[in-house]
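Okay, here's what each chain looks like letter by letter:
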Amino acid sequence: MSVRVETADFDISAEMARLTAGNTGIGAVASFVGKVRDHVEGAPLTSMTLEHYAGMTEAELERIEAEAQRRFNLSASLIVHRVGDLKPGDNIVLVIACASHRQAAFAGAEYLMDYLKTRAPFWKKEVLANGDARWVEAHESDDAAAMAWQTSEK
Amino acid sequence: MTTEKTTHVVVLRYFAWLREKTGVSEERLTLAPGIATVAELLRWQASRGHPFDAAFAKPEAIRVALDHAHVKPSASIANAAEIAFFPPVTGG
């Protein structure tokens, strides 16, 4: 169980090895990596800046991770989110969920991402090739994805 | 005997386009008595004059956290030490 916010890139293999070390009860590891696309609605993107609310970000990610742990009985999990200036192709976020079986690992990773996208205080600003800079607007589909977990509560 | 409410000093934080539009990332101030909820605080922000009036013109587009936790507009700010204003989040 851990969350990190940092400017540096991450190494998914090293993170996965560290997370599963010494826990041979883990039978399934699901991971997700979010990356910077080189375009936004057809327009070429040059760079992206990620801002966050230090203190609240970690608190919110820990709340999300604890809830995922409870719902899916995860053996281990990790959230790493980068901040600062990023280029197309750069990694933005890594989520890893470990469980005894694959269903919980897949669902756990998806849950972590769905709630991270709607609850964790990060904001993206995009700079396009034509020089325009704009704050990314939140998607209603992201709210719907997070809401779907509430209606599926057993 | 009536007891006057003690002065409520808060730290206000601004993020993303709210930080850019207000030109402020953080400020410490004493809240006027009568501002009891998040919704009332948003209305007060819109009444502060330039540049806060423009930044807070659409309160429905603004999210608020009290001491690092998301809250609804109806939430009481009575015990808050740090109040943050920001647009809907876009990480991931």
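See above for the structure.
Procedures and definitions
- Residues numbered from 1 in each chain as written.
- Chains lettered and ligands numbered in written order.
- Predicted model: local features only at pLDDT ≥ 70, side-chain atom pairs only at ≥ 80, totals over all residues.
- Heavy atoms only, no water.
- Helix = DSSP H or I, 4+ residues; strand = E, 2+ residues; numbered from the N terminus.
- Rg over C-alpha atoms; globule rule 2.2 N^0.38 Å.
- Buried < 20%, exposed > 50% of the residue type's maximum accessible area, 1.4 Å probe, protein only.
- Core = buried A, V, L, I, M, F, W, Y, C linked by side-chain atoms within 4.5 Å.
- Contact = heavy atoms within 4.5 Å.
- Polar contact = N/O pair within 3.5 Å; in protein donor to acceptor, adjacent residues only side chain to side chain.
- Buried area = accessible area lost by both parts, 1.4 Å probe.
- Salt bridge = Lys/Arg side-chain N within 4 Å of Asp/Glu carboxyl O.
- Nonpolar A, V, L, I, M, F, W, Y, C, P; charged D, E, K, R; others polar.
- Axes fitted to C-alpha atoms, helices over the stretch in contact; angles between N-to-C directions.
- Parallel < 35°, antiparallel > 145°, perpendicular 65-115°, else oblique.
- Left-handed = near helix turned anticlockwise from the far one by under 90°.

Visitor: Even after reading the chapter, I still don't get the overall build of chain A, so can you show me in this structure?
Guide: Check the secondary structure of chain A and you find 4 helices and 9 strands. Reading the secondary structure of chain A in the N-to-C direction produces β-α-β-β-β-α-β-β-β-α-β-β-α. A compact globule built from 154 residues would reach a C-alpha radius of gyration of about 15 Å, and chain A, at 16 Å, matches this within 12%. Counting every position in chain A, which comprises 154 residues, the buried fraction comes to 44%.

Visitor: What is the right way to read the nonpolar core from this model?
Guide: Soluble, globular proteins show a tendency: their nonpolar side chains are buried together. Core analysis: the largest hydrophobic core is formed by 35 residues, its most contacted members being Leu61(A), Phe72(A), Ile79(A) and Ile92(A). Contributing elements (two or more residues each) for this core: strand 2 (28-35), strand 4 (43-52), helix 2 (56-72), strand 7 (91-99), helix 3 (102-119), strand 8 (122-128) and helix 4 (140-151) of chain A. Per element, the largest residue contribution to this core is 9 residues, and it comes from helix 3 of chain A. Apart from the residues lying within four places of it in its own chain, the contact partners of Ile92(A) are Phe10(A), Gly34(A), Lys35(A), Val36(A), Met48(A), Leu50(A), Val80(A), His81(A), Arg82(A), Leu86(A), Lys124(A) and Gly92(B). In terms of nonpolar packing, the next biggest core, distinct from the first, is built from 33 residues, Trp17(B), Ala55(B), Val64(B) and Ile77(B) among them.

Visitor: How do you make sense of the side chain of Gln45(B) when you look at a structure like this?
Guide: Residue and element names in this part refer to chain B. By secondary structure assignment, the location of glutamine 45 is in helix 2 (residues 38-46). Separated by 2.9 Å, the side chains of glutamine 45 and arginine 48 make a polar contact. Not counting residues within four places of it along the chain, the set of residues in contact with glutamine 45 comprises Leu12, Tyr14, Phe52, Asp53, Phe56 and Phe85.

Visitor: Honestly, the interface of chain B and chain A in this entry has me stumped. Any pointers?
Guide: Many descriptions give the size of an interface as the accessible area lost when the pieces come together. The interface is formed by 19 residues belonging to chain B together with 26 residues belonging to chain A. Overall, the association of chain B and chain A removes approximately 1,800 Å² of surface from exposure, summing both partners, and the carbon and sulfur fraction of that is 58%. When the buried surface of chain B facing chain A is broken down by residue, His68(B), Thr90(B) and Gly92(B) rank first, second and third, together holding 36% of it. The interface formed by chain B and chain A contains 2 salt bridges. The partner of Glu20(B) in a salt bridge is Lys125(A), with the nearest N and O atoms 2.6 Å apart. Run the count over chain B and chain A and you get 14 residue pairs in polar contact (both at pLDDT 80 or more). Among the secondary structure elements, those contributing two or more residues to the side of chain B that touches chain A are helix 1 (16-22), strand 4 (69-71) and strand 5 (82-86) of chain B. Ranked by the residues each element gives to the side of chain B that touches chain A, the list is headed by helix 1 of chain B, at 4 residues. Here the side of chain B that touches chain A is built from residues that sort into 10 nonpolar, 5 polar and 4 charged.

Visitor: Quick question: what am I supposed to make of the packing of helix 2 of chain A against helix 3 of chain A here?
Guide: Between two packed helices, both the angle of their axes relative to each other and the distance between the axes serve to describe the pair. All names here are of chain A. Where helix 2 contacts helix 3, the two axes come as close as 10 Å, and the packing angle between them is 150 degrees. Judged on the interaxial angle alone, helix 3 and helix 2 are roughly antiparallel. At the point where helix 2 passes helix 3, the crossing takes the right-handed sense. In this structure, helix 2 contributes Glu60, Leu61, Ile64, Glu65, Glu67, Ala68, Arg71 and Phe72 to the contact, and helix 3 contributes Ala104, Ala107, Gly108, Tyr111, Leu112, Tyr115, Leu116 and Arg119. Its residues assigned to classes, the contact of helix 2 with helix 3 shows 10 nonpolar, 1 polar and 5 charged.

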